Amino acid sequence: MSSTTAETTEKMSNLTIATPATTKGTAKRDALRKNEIDVQAIWKEQNAFEANPASDKESFMVTFPYPYSNGHLHIGHAFSLTKAIF
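If you're wondering where the values come from, they're calculated on a predicted model, not measured in any experiment.

Cut-offs used in this document
Residues numbered from 1 in each chain as written. Predicted model: local features only at pLDDT ≥ 70, side-chain atom pairs only at ≥ 80, totals over all residues. Heavy atoms only, no water. Helix = DSSP H or I, 4+ residues; strand = E, 2+ residues; numbered from the N terminus. Buried < 20%, exposed > 50% of the residue type's maximum accessible area, 1.4 Å probe, protein only. Areas by Shrake-Rupley, 256 points an atom, 1.4 Å probe, with all protein chains shown as cover. Salt bridge = Lys/Arg side-chain N within 4 Å of Asp/Glu carboxyl O. Phe/Tyr/Trp six-rings, centres within 6.5 Å; stacked < 30°, edge-to-face > 60°.

1. Quick word on the overall build of the protein
What the protein contains, in helices and strands, is three helices and zero strands. Start at the N end of the protein and walk to the C end: the helices and strands fall as α-α-α. Every one of the 86 residues in the protein was classed for burial, and the buried ones make up 1%. Accessible surface computed for the protein: about 8,700 Å², of which carbon and sulfur atoms make up 59%.

What follows is the structure, encoded as structure tokens:
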């Protein structure tokens, strides 16, 4: 091994990952996750996303994602919902 390679290897073996003086907390993420779990429990309890279709009619299925609050509403939400309604 050349001296340059040995020196580089030595320097690399002593590297450490620096952490910021103040680390970003996870309180907001934890609160959102708790809210998500609570709301999903309510949906499950109320069978909000389940149906019992009449057996004498033709059945069909439309998929629409759960309304997660992970961004601002936009026209795409309305477009997707109108496809399910009409």
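2. Quick look at the pattern of salt bridges
Following the criterion strictly, the structure yields three salt bridges and no others. For the salt bridge of D30 with R29, the shortest nitrogen-to-oxygen distance reads 2.8 Å. Note on D30: relative accessible area 36%, which makes it partly exposed. According to the relative accessible area criterion, R29 is exposed, its value standing at 54%. The closest approach of N and O atoms between K34 and D38, which form a salt bridge, is 2.7 Å. Taken as a pair, K34 and D38 lie in helix α2 (residues 27-46) at a separation of four residues, close to a single helical turn.

3. Here's the deal with the packing of aromatic side chains
By the definition in use, this model includes one aromatic pair. Both rings, one in W43 and one in F49, keep their centres 5.0 Å apart while their planes meet at 80°; by these two values the pair is edge-to-face.

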